[in-house]
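# Structure at a glance
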Amino acid sequence: MSDLVEQMRGAVRHWWTSLVIGLLAVILGVWCFITPMSTLGALTMLFIVAFFASGIFEVVFAVANRHMHGWGWTLSGGIVDLLLGVMLAASPAPVATAVLIYFVGFWIMLRSLWAIGGASELGSLGVRGWGWLLAMAIIGFIFSVVFIFSSPIFGGAFVVAFFSTAMIIYGVFRIWLGFKLRALTVSYTHLTL
């Protein structure tokens, strides 16, 4: 029992790191709201790297699991990600940023279609909760259509606002987690005294 308590104490010894990460995430989120054009340029580079990484991992996963039913969907998604990454990387920076807005929309659409197929397969296998996955995939598809057919300015503003908001929410969560971990440390200290 004392080993478990000692491990718990070691796990929350550096509770403040979560607090620092949270503060940095909130600052980054606010900075992104204040400087949307710089944020959009940085996000373009991030998406290029993400498309390449996602494509490579999906292709490797699909080939390694080609014995599974429906592995072609994963392979197709990986190839599409690689192609999007190549197309964005080959474009000049301002063009890549403008094109990124549509790529993100089409990427979300393709991923939503992939998710609809995956959720349907889970349903045919009798997996519980597959309907929730299907509903989220359909909502993602609807949002992607709205995103694609909106103006590029709205799309760019949406991408920046979404990223900024996500960073702020993540930061608030990490700050909250840091204080909860600190409370565990304080209560453990009182327990051992």
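Residues numbered from 1 in each chain as written. Predicted model: local features only at pLDDT ≥ 70, side-chain atom pairs only at ≥ 80, totals over all residues. Heavy atoms only, no water.

## Concerning the overall build of the protein chain
Within the protein chain one finds seven helices and zero strands. The linear arrangement of helices and strands in the protein chain, starting from the amino end, is α-α-α-α-α-α-α. Per-residue burial for the protein chain yields a buried fraction of 28% across its 193 residues. For the protein chain, contacts bridging at least 24 residues in sequence account for 75% of all contacts bridging at least 6. Summed over its atoms, the accessible surface of the protein chain is roughly 12300 Å², and 80% of this surface lies on carbon and sulfur atoms. (Helix = DSSP H or I, 4+ residues; strand = E, 2+ residues; numbered from the N terminus. Buried < 20%, exposed > 50% of the residue type's maximum accessible area, 1.4 Å probe, protein only. Contact = heavy atoms within 4.5 Å. Areas by Shrake-Rupley, 256 points an atom, 1.4 Å probe, with all protein chains shown as cover.)

## Examining a nonpolar patch on the surface
Taken together, the side chains of W16, V20, L23, L24 and I27 define a hydrophobic patch exposed on the protein surface, amounting to about 500 Å² of accessible area. Looking at the secondary structure, you find W16 in helix α2 (residues 16-34). (Patch = residues over 30% accessible without salt bridge, like charges linked within 9 Å, V, L, I, M, F, W, Y side chains within 5 Å. Salt bridge = Lys/Arg side-chain N within 4 Å of Asp/Glu carboxyl O.)

## Re the packing of aromatic side chains
According to the stated counting rule, one finds three aromatic pairs in the structure shown. An angle of 45 degrees between the planes, with centres 5.9 Å apart, marks the rings of F47 and F51 as tilted. Of the two residues, F47 and F51 are both situated in helix α3 (residues 36-64); the distance of four residues between them amounts to about one turn of the helix. Plain terms: the ring middles of F158 and F162 are 6.0 Å apart, the flat faces sit at 20 degrees to each other, and that makes the pair stacked. (Phe/Tyr/Trp six-rings, centres within 6.5 Å; stacked < 30°, edge-to-face > 60°.)

## Description of the packing of helix α5 (residues 93-124) against helix α6 (residues 130-149)
Remark: α5 packs on α6, axes separated minimally by 8 Å, with the N-to-C direction vectors making an angle of 160 degrees. As the angle between them shows, α5 and α6 are arranged roughly antiparallel. The chirality of how α5 crosses α6 is left-handed. Here the contact of α5 with α6 is built from residues that sort into 20 nonpolar, six polar and no charged. (Axes fitted to C-alpha atoms, helices over the stretch in contact; angles between N-to-C directions. Parallel < 35°, antiparallel > 145°, perpendicular 65-115°, else oblique. Left-handed = near helix turned anticlockwise from the far one by under 90°. Nonpolar A, V, L, I, M, F, W, Y, C, P; charged D, E, K, R; others polar.)

## So, the confidence of the model for the protein chain
When pLDDT is averaged along the protein chain, the result is 82; 89% of the residues meet or exceed 70. Across the protein chain, the secondary-structure element scoring lowest on mean pLDDT is helix α1 (residues 2-11), at 52, and the one scoring highest is α2, at 90. (pLDDT = per-residue confidence, 0-100.)

## Points about helix α4 (residues 71-90)
Taking 1.5 Å of rise per residue, the 20 residues of α4 would be expected to cover 28 Å, and the 29 Å separating its terminal C-alpha atoms lies within 8% of that figure. Of all the positions in α4, only T74, G77, G78, D81, L84, G85 and L88 are classed as buried. Along the long axis of α4, the arc covered by the buried residues comes to 125 degrees, so they all point the same way. Facing away from the buried side of α4 by more than 90 degrees, the exposed set consists of L83 and A90. (Expected span 1.5 Å × (residues − 1). Arc of directions from axis to C-beta.)

## What to know about the pattern of salt bridges
Close approach of charged atoms allows side chains of opposite charge to pair. Tallied over the entire structure, the rule returns two salt bridges. A salt bridge links R111 to D81; its shortest N-O distance comes to 2.5 Å. Highlighted residues: R111 in helix α5 and D81 in helix α4, separated in sequence by 30 residues. Several salt bridges converge on common partners, so that one network encompasses E58, D81 and R111.

## With respect to the nonpolar core
Side chains of nonpolar character tend, in soluble globular proteins, to be buried together. With 15 residues, the main nonpolar core has F47, F51, L88 and L100 as its most contacted residues. Those elements that provide at least two residues to this core are α3, α4, α5 and α7 (152-192). The residues touching F47, leaving out its near neighbours within four places in the chain, are L100 and V104. (Core = buried A, V, L, I, M, F, W, Y, C linked by side-chain atoms within 4.5 Å.)

## With respect to the side chain of R174
Topologically, R174 is positioned in helix α7. When sequence neighbours within four positions are dropped, the list of residues in contact with R174 reads S18, L19, I21 and G22.

## Some words on the packing of α3 against α5
Running from amino to carboxyl end, α3 crosses α5 at an angle of 40 degrees, the nearest separation of the two axes being 10 Å. When the axes of α3 and α5 are compared, the pair comes out oblique. Classified by chirality, the crossing of α5 by α3 is left-handed. In this structure, α3 contributes L40, G41, L43, T44, F47, F51, S54 and E58 to the contact, and α5 contributes A96, T97, L100, I101, V104, W107 and R111.

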